[in-house]
Amino acid sequence: VTHLRLLIYTDPGEVQIFCNLIRKDGGQEKLTATVDTGAEISLFPLELLDILEYRLGTRGQITVDQAGLGNQSFAAIEVYIFISLEDQLGNITKPFEILAWFAETNSPLIGFAGVLDLAVLHLDMPNREGWLEIRAP
Amino acid sequence: MTSRIRMGHPHGQTPPNVYADFDWIRRHEKELVEQYGECSIIVYQQRVLGTGATYAAALEDAERNLPPDMGEVTPVHQWLRRRHPILRVRPSLSQKTDK
């Protein structure tokens, strides 16, 4: 199990995590993503597919109907990518494969499929602390 | 010409500026969005190297702005965005009719 310290922000409140996505050149692209317990699947900006190693999911291009307050639809591409998660204390997971959506968004989200599904999430907002304990496959 | 900007890193190797630069962007997001609008931004050691409508455009801008005497740099990229509230408090219809 890898214990990862999360990034806690207020005004507006947000919980972020450091991610590494495997690039076509073999390196890892570093980014921060919002930990979103309302997201079924992780979501990343579409333009990243130009530089990331990926394989298409069985459904390929999809339309996602959001059931939230917005109740909007958006187009996405469903792919498999390799991700590792890390924190500023030097804790890091091995790269592991997840199913993710790529769409016209500027807000990377870490959701349940393959990530939060495997994790224990601790969030202590009064003390501005958060941890994700994940058993990466 | 070989780029002096390195965005990809081997597994387990995180340049020392990376965590602080992401945190700096998040903490200065409002000011950065006011100055540059919603865009891609490249930051190195808490200094904006480039911006653009896309990640690729921001990288090109950063390459142009990089001082000639600077060696290889390991900046971070982030998408600047306005945070849209999903809840807005306003007088309810019943309160209006009561008046």
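Residues numbered from 1 in each chain as written. Chains lettered and ligands numbered in written order. Predicted model: local features only at pLDDT ≥ 70, side-chain atom pairs only at ≥ 80, totals over all residues. Heavy atoms only, no water.

J.: Break down the overall build of chain A for me, citing the residues and quoting the values.
T.: For chain A, the helix and strand inventory stands at 0 helices and 11 strands. Listing the helices and strands of chain A from first to last along the sequence gives β-β-β-β-β-β-β-β-β-β-β. Its C-alpha atoms give chain A principal-axis dimensions of about 40 × 40 × 25 Å. Out of the 137 residues belonging to chain A, those deemed buried represent 50%. Considering only residue pairs separated by 6 or more positions, chain A has 58% of its internal contacts joining residues 24 or more positions apart. With the model as given, the accessible surface of chain A reaches about 6,600 Å², and the carbon-plus-sulfur share is 49%. For chain A, the distance from the average site of its 9 positive side-chain charges to the average site of its 19 negative ones is 7 Å. (Helix = DSSP H or I, 4+ residues; strand = E, 2+ residues; numbered from the N terminus. Buried < 20%, exposed > 50% of the residue type's maximum accessible area, 1.4 Å probe, protein only. Contact = heavy atoms within 4.5 Å. Areas by Shrake-Rupley, 256 points an atom, 1.4 Å probe, with all protein chains shown as cover. Lys, Arg positive; Asp, Glu negative; His and termini not counted. Charge placed at Lys NZ, Arg CZ, Asp CG, Glu CD.)

J.: Run through the sheet that holds strand E11 (residues 129–134) of chain A, naming residues and quoting values.
T.: The pairing of strands in a sheet comes from backbone hydrogen bonds and takes either a parallel or an antiparallel form. Residues and elements named next belong to chain A. An order of E1-E11-E10 is seen for the 3 strands of this open sheet, with the pairing classed as antiparallel. Two strands bound the open sheet, and with one partner strand each, they are strand E1 (2–5) and strand E10 (119–124). When the angles between neighbouring strand axes are averaged without regard to direction, this sheet yields 15°. Two strands pair when backbone bridges link them, and E10 and E11 are joined in this way by 6 bridges, in the antiparallel orientation. Paired with Leu121 across the strands is Leu132, a residue of E11. (Pairing = 2+ DSSP bridges. Axes fitted to C-alpha atoms, helices over the stretch in contact; angles between N-to-C directions.)

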